[in-house]
Structure formats: structure tokens, C-alpha cells
Amino acid sequence: MEFLLNTGTPVEKFIVMGIAILLFVAVMAIVLFLTDRPRMPQWITVLAFLGPAAVLVVFGLVYPAIRTIINSFRSDNGQEWVALANYGDVFGNSALRLVLLNTVLWVILVPLVSTAVGLVYAVLVDRTRFEKLAKTLVFLPMAISMVGASIIWKFVYDFKPTDRPQTGLANQLLVWLGFDSQQFLLTWPWNTFFLIAVMVWIQSGFAMTILSASIKAIPDDIIEAAKLDGVTNWQMFRSVTVPSIRPAVVVVITTIAMATLKVFDIVFTMTGGNFDTSIVANEFYTRSFVRGEGGIGATLAVLLFIMVIPIVVYNVRQMKLAEEQR
Amino acid sequence: MSQATTVPDVPGPAPTKSSGPRKLTKAEQRAVDAKTRLSSPWASVIAIVIAILWSVPTLGLFVTSFRPEIDIRTSGWWTFFRDPAVTWANYDAVLYGGSTNFIDVFVNTIVITLPAVIIPITLALLAAYAFAWLDFPGRNMLFVAVFALQIVPIQITMIPLLTQYNNWGIVGSFWPIWLSHTIFALPLAIFLLHNFMMDIPRSLIEAARVDGAGHVKIFFQVLLPLLVPAIAAFGIFQFLWVWNDLLVGLVFGSAQEVAPLTVRLADLTGTRGTAWHLLSAGAFVAMVVPVTVFLLLQRYFVRGLLAGGVKG
């Protein structure tokens, strides 16, 4: 079995990949073949269809989550109980408090700014000649990895002294306007805002797509009625468009907020969490896998989980409300 | 419950209605409105500024990836248009250069992605079938539990999972990466595919059952052909997610022989953060496949988004 674990050449890798897929198909085929008989008790069929997924989810999500929650009450090496000491550390340590503050900035700013940009853009390009192209431009960052997006923006922020030829676009603009070039990623809180801009750049396309679809679904009658009343474009936007798509806006904001809480790639790639830019998701990685502080790492993961819950509850309640209205 | 869990009020793109000439004039009217809206100067300025902000950074790095190393260090990419000098050297260096060798990592990413897309979709299809068409006690409660699991941040599972993989002695191979991606994909996949499955008329399944078809036969012959768009929608999600993932790759696949593109690229940013000739070319090597797939299959991707498929 050694060759299944040790793959050197590309050919070996593809062979092991093929084996993995075939193995999976074979196991599933056998399970389905054995259980798909007439007069088989229903529970066996259910087990065959649901069992594999259920086993994986319990093994890989439920059980580890419970273990991590327990570990957050234990010391870094997992040997002894420390009660709430890890939580005390997270809230008591000034560096970690800054991490929490940064996370709050991310979770508030990214959803609001992305949704605003997405909404305005969706309204502006709606039913214009360039709609398709214009939307693809803003949508495309969703296909790029966050590592790729981070590199794209790190290059925009690239620093050269003012008197040298600039290579970063942002600094070149500053120099053209007569300012000195800046180290965008060095000073808090500005560096955090410049990192947030990258996430906004990625998420706006998502907001635009969802909101554009709901704008198109506003009934023509409403729009025509408003027209007869002689509303201006701005009034139309504020009093007709926005109220009509409010449920979609809520879904978009909460969804982006959840994604933002868990995002790790941008901070990791652009600053590595240095210069006071770290956020919970990044700090979790650093503590758990770089510094070997398992207790603090587990605590941060649990905090991440706790922070998601109110957003989800709000989201579900809004969905219920929206459904009752219909 | 199935109704309560779909994302409401985010209807798909309005179908172009063709129920008579009157509708058409309305659509035209809105197109005319759009024109007047964009002809107001501020609106056009805002739209153009956004379009530029969203495309020029990528364009800049793209142009850079084709410039000679010395040019990249001494002048901005915008000067390229004044005197263009084009080279493949950066791509050559990043793909085959001894220290980067992206061609190897490119293979790793493909090897990681294919099973990590095929396996969870298959498992989720079967599970969604059970939730949609089989009756068993506790079904609704179990489905709510799966729905709720979507919000578990994957970070919370990582250390115990890694310990387990270590005990099994499979760390450093592709198996932990495939397994982890499969596990993390399941809740969303089951939820989404279940929603799509509920749209299939019950009478179709009943008819097949009356004809004496077993569950496996119904699944493969009746449901699967109807579910192709849904599978495509989720398939693209999962493909983009796995191909672009950094965290899972970093935690479960940091070993040299299995590390995916994103991990090597992030590593390169950390160790050689000013080697823009390598970073720019490397970034586009990593981007070319997902961007192509995305542009070709955008329609399905949007459909998946509108059905509530979002993963954090």
C-alpha cells in the first residue's frame, strides 16, 4: 500500500488519483447493488443512501468540533484543564484584543461596502447595452483565488521611494497628484482598511449578481406606477428599488458577513498578520500551526463559531419574515 | 422545512416574457430608461470608475507577467504601452525553474481537485435523494442538522482532524486533502442538491415506482438526467472552491510532494515578496483554469448562487 501514500512523479500521482476515484465508485456500487433488492427493509435503503455522507459528516465535522470546544478549556499541550484561562488570555491580551477589533472592522465594513457597491453597480448597468460585459468585469474576481487577488493588490500597493520610478499603481497615482509615496500595509488602522478593500473587491461581484437578479424581478407595474407619479431616478432608487429588494439585501449582507468572518487567505498572503493586521481566522492558524499554542488556537476557533451564530439567527429570522409577508 | 430553508425572495433572472407585444414595449421602455439613467453624467462616471477599479489591477499584473524582469523592477507596468517588450521568460522561470517548479504543483492541484469534486457530489446526491424521496423517522430533524452544519467554520475541525490523520499515518499524501474537502463540501452540497431535487414533480417518481423500478434505478434513470444543471451548478462551486482553496491545502497538504498551487504561491509571496516577475506569472498560472471554466460556465454558476449556494 506504500505507493498509495508516496507519490513522486506526476504519472504516479495521476494513477493514485484514478485509484481513489475507482475505489470510491466500486465501494458505492457494491453498497447500492447489495441493498437494492425488492422487499429489502426500508431502513437498509436509507442507510445505503445516507450512511456514507452521515459517517463522514459526524467523523469530520461534529466530532472534531466537539473536541475543539473541549480543547479550548485545556492547556496548549492539551494535558490539563485550565477552565476559562484561554478565553481570559484572548480578551485580556492587548495584541489579541486588537485581533478581535480588526475582525469586527472586517465583519462590519466588508458586507456593507460590498453590498453598496454591488447594488449601485447593478442598478447603473441594468438593461444597458454593456450590461453583460460590465457585469463580467466585476464578477470575475470571484473566480480568482484569494491568494491571486492578494498578489494582484499587493502589486497595486507596491512601494518605491517618491523620487524613484514607481511600480505600484496606487503610489504612482499619489506621486502624479503631487504626494509622497506611501507604505500602504505598514500602519494600523490604514493597513487593515487596505486589506478590507481586497475582500470588498472579491465580494462585490456576488452582491451584484444576487441583487441584479432581484432588481430584474421587480414587477413592471410598480415601476410604471412610480413613473406616472413623476419620480426622479434617485427617488425611484430609494423608494421603489431598495424596498422591493430588501430581503435580498439582507441575505447578501449576512452571507458576506459569514464569509468574511472565516476568511484567512488575504491577511495570510499580504501581511502574514504582521503590522497589527491579524484577524481571528488568521490568528487561529498562526497559534495552532505555527506557534503550537493549541489551547489559544482552539479558543479562537470556538470564538469564530460563536460569532457566526448571531448572523445566522438573524438571517433565518429575516427569511421567516419574508416568507410570512408573501 | 424544505421550503423554509430555501433562500427566499432571490428569484432567478426574470424570464423574457413574450406574452404579447405590450410586454415587449415595457421591456423596451426599461431599456430606454436605462439609457437615460446612464446618460446622467454622474451615474456614468460612477459605473465607469467601478468597472476600472475592478479590472485594471488584474490587467496590471497580467501585463507585468509578460515584461522582462529588469523592466518590472525599474518602471511601472503602464509604461509598457509606450515601448512594449514581451517575454515568456517569467512563465518559463516559474513553471520549470528549480526553486519554483510550478508545473509540479499544477499537477498536484489537478490531482487534488478532481476527486474532491466528484466524490462529494456523488455522496451528496445519494444523501439528498434519501432526504427528498425516502420516508424514515427523524428525517426532518436530520435535514435541519445538516443545514445547520453549514455554518460550522472549518477551522474548528482542523486540529482534531489532523491528529486523526496523523494516527492513521496518511499525512503527507493526497488522502487527507481529498477526505477533508469531501467532508467540508457535504452540508452545502446536500442542502443545494436537495433543493433542486424537490423541484422535480413527485408524480414522476411515483410513476416510476408503480412501474416497479427500485430506488437505484429511479435515481440513475429518472432523476440524474433531470439534475444535470444542478450538478453542473454545484460542480462549478466545488471546483472553484477546491482549486482556489488555501487553508485546507496549507493544513493538510503542506508536504512538498502534494502542496497545491495556492500554497506554493502564498509561500512565494512570503519568501520572495518582491520577485514580481515570478509572482505575476505564478498568479496567472494558478488563475488560468478557474477563470476559463468560470467564463464558459458562468450561467450555471449564477444559477447555483441564486439557489443559495454560498460557502464560507
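Here the structure is a predicted model, which means the values were calculated and not measured.

Student: Please provide a residue-by-residue account of the overall build of chain B, values included.
Tutor: Scanning chain B from terminus to terminus reveals 16 helices and 0 strands. The proportion of buried residues among the 312 residues of chain B is 55%. A fraction of 72% describes how many contacts in chain B between residues 6 or more apart in sequence connect residues 24 or more apart. When the accessible area of chain B is evaluated, it comes to approximately 13000 Å², of which 65% is carbon and sulfur surface.

Student: Talk me through the overall build of chain A; I want residue IDs and the actual numbers.
Tutor: On a plain count of helices and strands, chain A comes out with 15 helices and 0 strands. Relative to a compact globule of 326 residues, whose C-alpha radius of gyration would be 20 Å, chain A shows 25 Å and is clearly more extended. On the principal axes, the C-alpha backbone points of chain A span a range of 70 × 60 × 50 Å. Within chain A, buried positions represent 54% of all 326 residues. Long-range pairs, those at least 24 residues apart, make up 64% of the contacts in chain A between residues at least 6 apart in sequence. Summing over all exposed atoms, chain A offers an accessible surface of approximately 15100 Å²; the carbon and sulfur share of this is 68%. Across chain A, the centroid of the 23 positively charged side chains sits 4 Å from that of the 21 negatively charged ones.

Student: Summarise the interface of chain B and chain A; cite the residues concerned and give the values.
Tutor: With 123 residues of chain B at the contact, the number on the chain A side is 112 residues. Run the count over chain B and chain A and you get 12 residue pairs in polar contact (both at pLDDT 80 or more). With 16 residues, helix 6 (residues 102-133) of chain B is the single largest residue contributor to the side of chain B that touches chain A. Partitioned by chemical class, the residues of the side of chain B that touches chain A number 84 nonpolar, 28 polar and 11 charged.

Student: Quick rundown of the pattern of salt bridges? Include the residues and the values.
Tutor: A complete count under the given rule lists 10 salt bridges over all chains for this structure. Arg-291 of chain A is paired through a salt bridge with Glu-293 of chain A; the nearest N and O atoms lie 3.4 Å apart. A salt bridge links Arg-139 of chain B to Asp-135 of chain B, with the nearest nitrogen and oxygen atoms 3.8 Å apart. Several salt bridges share partner residues, and in doing so they unite Asp-126, Arg-127, Glu-131, Lys-135 and Lys-216 of chain A into one network.

Student: Account for the domain arrangement of chain B, with residues named and values stated.
Tutor: Residues and elements named next belong to chain B. Taken domain by domain, chain B holds domain 1 (21-94) and domain 2 (102-306). Taking only C-alpha atoms into account, the centre of domain 1 sits 32 Å from that of domain 2. The partner domain 2 presents 10 residues to the 11 residues of domain 1 that form the contact. Both faces combined, the contact of domain 1 with domain 2 buries some 1000 Å², and carbon together with sulfur accounts for 83% of it. The three residues of domain 1 that bury the most area against domain 2 are Leu-61, Tyr-91 and Val-94, which together make up 51% of that side's buried surface. Remark: the boundary between domain 1 and domain 2 carries 0 salt bridges. Those elements that place two or more of their residues in the side of domain 1 that touches domain 2 are helix 3 (41-65), helix 4 (69-74) and helix 5 (89-96). A per-element tally of the side of domain 1 that touches domain 2 places helix 3 first, with 5 residues. Split into classes, the residues belonging to the side of domain 1 that touches domain 2 amount to 6 nonpolar, 4 polar and 1 charged.

Student: Give me the domain arrangement of chain A: which residues, what numbers.
Tutor: According to the domain assignment, chain A contains domain 1 (1-36) and domain 2 (94-325). Each of domain 1 of chain A and domain 2 of chain A has a C-alpha centre, and the two are 40 Å apart.

Rules used in this analysis
Residues numbered from 1 in each chain as written. Chains lettered and ligands numbered in written order. Predicted model: local features only at pLDDT ≥ 70, side-chain atom pairs only at ≥ 80, totals over all residues. Heavy atoms only, no water. Helix = DSSP H or I, 4+ residues; strand = E, 2+ residues; numbered from the N terminus. Buried < 20%, exposed > 50% of the residue type's maximum accessible area, 1.4 Å probe, protein only. Contact = heavy atoms within 4.5 Å. Areas by Shrake-Rupley, 256 points an atom, 1.4 Å probe, with all protein chains shown as cover. Rg over C-alpha atoms; globule rule 2.2 N^0.38 Å. Lys, Arg positive; Asp, Glu negative; His and termini not counted. Charge placed at Lys NZ, Arg CZ, Asp CG, Glu CD. Polar contact = N/O pair within 3.5 Å; in protein donor to acceptor, adjacent residues only side chain to side chain. Nonpolar A, V, L, I, M, F, W, Y, C, P; charged D, E, K, R; others polar. Salt bridge = Lys/Arg side-chain N within 4 Å of Asp/Glu carboxyl O. Domains from an automatic or database assignment. Buried area = accessible area lost by both parts, 1.4 Å probe.

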